[in-house]
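Inside the fold
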Amino acid sequence: MSDYRVRFMPQNVDVTAEEGTDLLTAQIRAGLHPDAPCGGKGTCGKCLVNIVEGTPLGVQKACTTKVTCDMTVNVQTGGKHAILLEGVHRQIRIASAVRSVNVTVQRCELGGNLSDWKRLKMAVAEAASIDEASIVPNMRLISGLYRILQANDYSLNVVLCGNEILDLRAADDPVYVMAFDIGTTTIVGYLLNAVTGEELAVSSMLNPQSEHGADVIERSNYAISNGVEELGALVHEALNELIGQAVKKAGVSREQIYMISVVGNTCMHHLFAGVSPEALVHAPYNPTVSEGLMLKASDLEIGIFPEGKVMLLPNIAGFVGADTVGVLLATEFDELEELSLAIDIGTNGEMVMGNKDRRVACSTAAGPAFEGAKIACGMRGAKGAIDHAGWKDGQFVFSVIGGGKPVGICGSGLMDIITFMLEKGLMDEMGRMLDADEYETEEAESCADRIIRIGENNMKAFLLADENESGNGRPVYLSQKDIREVQLAKSAMAAGITLMADTLGVEIGDIKKVMIAGAFGNYMEPHSACGIGMIPGELEERIVPVGNAAGEGAKIAALNYEEYKRCEKIAAGCEFLELATHPDFQDTFVDLMEFPEQEF
């Protein structure tokens with residue numbers, strides 16, 4: 001077979017590809033991390049590229065287009081994504097697992113038999129108020145101990161992680177930690193002063209694993225077929241890049257970071273730690289490891305202080321992970337008196353209901369639709385996405401992230417549009433777009449020309465922008481099929497809420513607060529979430545956004561070791577409700593497929 005040159009623009013990156021290689025694989029080899037929510041199966045249509053030289057010309061799916069000649073390809077990348085960085089804040093005592101103490105080591109007198117390491121341990125134990133016997137030998141430090149003691153006149157600054165000595169320094173320099181929220185879609189890192197708690201820098205990026213699928217099932221299957229190493233390396237490289245960005249912003253050194261804390265769903269946790277996710281995709285869908293872990297950064301090739309640590313928060317269940325534990329820690333859910341509901345809407349929807357006395361958690365596969373993976377014109381929250389829509393000044397209007405012309409619809413816009421269509425009579429509670437002779441409102445009649453027919457099946461769609469009004473020369477619309485996808489997603493969420501309430505023996509109306517975490521939950525309109533029936537309507541006024549609470553939980557754990565240990569109790573104290581095997585799930589799910597009934 002022949003080899004051909006493929007040039008990707010605007011990055012101006014060349015890669016050699018064997019004849020028959022698909023363009024998605026060529027992009028991955030070129031290090032471009034394309035967006036492929038379906039994992040390259042050709043079903044989502046999100047990996048579009050524009051072939052400007054070669055065959056076939058024009059806009060094509062990268063995953064199904066083969067290299068048959070030299071090609072120049074314009075990668076159809078979106079704008080900068082809106083990544084949620086902030087979460088709910090609460091006051092904590094700064095007492096990180098990583099700390100430093102100043103010590104003066106007793107000199108060895110002639111005839112003395114106490115080793116340098118023994119005398120160092122004695123000094124550290126006294127200064128740090130720890131048990132000397134718990135300090136384990138560190139051969140790297142022992143090797144150079146005599147020289148560093150001599151060079152610093154036996155006065156040192158000692159960096160500890162728990163009772164382990166990590167570093168011996170001449171000066172009492174700052175000690176830093178980083179906290180990471182590894183989401184299925186995005187990764188956010190926070191650089192923190194471990195002594196003062198000050199946040200010095202924040203860095204974020206899309207999760208590069210998305211080139212192998214949008215959801216945890218796609219990535220788990222890829223890891224099972226190809227080994228966990230590739231997906232693990234992608235996220236390790238991402239963290240190293242974010243660490244580099246953060247230290248550059250703050251003007252500090254990587255080697256001054258002595259620990260990172262990590263939260264993520266159970267699949268992200270396993271892939272990061274190098275653990276096969278095979279147990280997650282086979283019954284009974286349990287994690288291979290659930291307890292909190294303290295690992296060596298060097299073992300994971302994380303570029304911080306060579307002897308630095310990686311703190312992973314514990315998981316609750318196969319699809320309720322450390323990110324949910326982070327949310328519960330940040331909101332102190334385990335101490336709440338009132339019945340509450342926490343929902344983290346991401347690529348998966350994790351939910352916890354209860355209070356300090358009892359808590360039940362479950363997970364639903366709701367996020368892919370709300371993050372655009374199964375929606376014809378769906379996209380994540382980035383420049384060009386319609387993020388809000390409704391009726392204003394006698395007409396249907398929408399807003400676009402970054403301004404300008406729309407190129408797609410993100411999750412919050414999706415819910416707004418469907419709520420509008422329901423409330424203005426363009427759609428019935430079954431999700432069926434109505435014909436013009438069925439309209440009962442002036443608003444519906446004024447939008448009649450927005451109902452179009454598309455595709456080979458002549459399917460109905462609600463047109464938001466035609467080819468001339470959009471930002472990419474293609475119409476932006478919401479199809480009847482898209483509405484069905486939203487019904488599946490919202491019904492799964494609503495069924496989870498219903499069955500958790502049944503498990504606890506409470507009524508939905510007893511819930512006093514609904515805390516919505518995650519980027520999608522932060523930007524959505526509570527009225528629209530209730531308007532489509534994803535969250536019961538009676539809870540609309542009780543919805544409170546808490547931002548990136550998972551990331552906040554990672555920060556809290558990094559800055560207070562007792563709070564990290566509290567995570568184990570939080571995870572162990574959560575009952576898990578497996579919806580897939582619940583005897584009432586299917587009936588409840590079907591019952592909740594309908595949208596709330598409207599009156600005109």
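Residues numbered from 1 in each chain as written. Predicted model: local features only at pLDDT ≥ 70, side-chain atom pairs only at ≥ 80, totals over all residues. Heavy atoms only, no water.

Looking at helix α15 (residues 561–572)
Rules: Numbering goes from the N terminus for both helices and strands, where a helix is a DSSP run of H or I of at least four residues and a strand is a run of E of at least two. To estimate the expected span of a helix, count its residues, drop one, and scale the result by 1.5 Å. Partly exposed describes any residue whose relative accessible area lies between the buried limit of under 20% and the exposed limit of over 50%, with all areas from a 1.4 Å probe on protein chains only and scaled to the type maximum. This arc corresponds to the set of directions leading from the helix axis out to the C-beta atoms. Any two residues having at least one pair of non-hydrogen atoms within 4.5 Å are treated as being in contact. Counting of polar contacts relies on pairs of N or O atoms within 3.5 Å, with two restrictions inside protein: one atom must be capable of donating a hydrogen and the other of accepting it, and residues adjacent in sequence are counted only when both atoms are side-chain atoms.
Look at α15: 18 Å from first C-alpha to last across twelve residues, which is about the 16 Å you get at 1.5 Å a residue. Among the residues of α15, Glu563, Tyr564, Arg566, Cys567, Ile570 and Ala571 are the ones counted as buried. Down the axis of α15, the sector holding all buried residues measures 150 degrees, keeping them to one side. Counted as exposed and oriented over 90 degrees from the buried face of α15: Lys569 and Ala572. On its buried face, α15 sits against β13 (293–296), β14 (309–312), α7 (322–331), α14 (549–559) and β26 (574–576). The N-capping residue of α15, defined by a side-chain oxygen 2.9 Å from the backbone nitrogen of Glu562, is Asn560.

Overview of the side chain of Asp167
Spelled out, the test is: In this count, Lys and Arg are taken as positive residues and Asp and Glu as negative ones, while His and the chain termini are left out. By definition here, a salt bridge exists when the distance from a side-chain nitrogen of Lys or Arg to a carboxyl oxygen of Asp or Glu is within 4 Å.
Structurally, Asp167 can be placed in strand β8 (residues 164–169). No salt bridge is formed by the buried Asp167; its nearest oppositely charged neighbour, Arg140, is found at 4.5 Å. When neighbours within four sequence positions are excluded, Asp167 is seen to be in contact with Leu141, Asn157, Val158, Val159, Tyr258 and Phe305.

What to know about helix α6 (residues 266–273)
Most of α6 sits out of view: eight of its eight residues are buried. Among the residues of α6, Thr266, Cys267, Met268, His269, His270, Leu271, Phe272 and Ala273 are the ones counted as buried. Looking at the buried residues of α6, the elements they touch are β9 (176–182), α4 (216–226), α5 (229–250), β12 (257–264), β13 and β14. In this structure Asn265 caps α6, since a side-chain oxygen of it lies 3.1 Å from the backbone nitrogen of Cys267. Residue Gly274 follows α6 closely and has a positive phi angle near 80 degrees.

What about the pattern of salt bridges?
Tallying each qualifying case throughout the model produces 22 salt bridges. Salt-bridge contacts for Arg566 lead to Glu335; the nearest nitrogen and oxygen are separated by 3.3 Å. Of this pair, Arg566 sits in helix α15 while Glu335 is found in the loop between α7 and β15 (340–345), placing the two residues 231 residues apart along the sequence. A relative accessible area of 47% places Glu335 in the partly exposed class. One salt-bridge network, in which partners are shared between bridges, spans Arg90, Glu332, Asp334, Glu335, Glu563 and Arg566.

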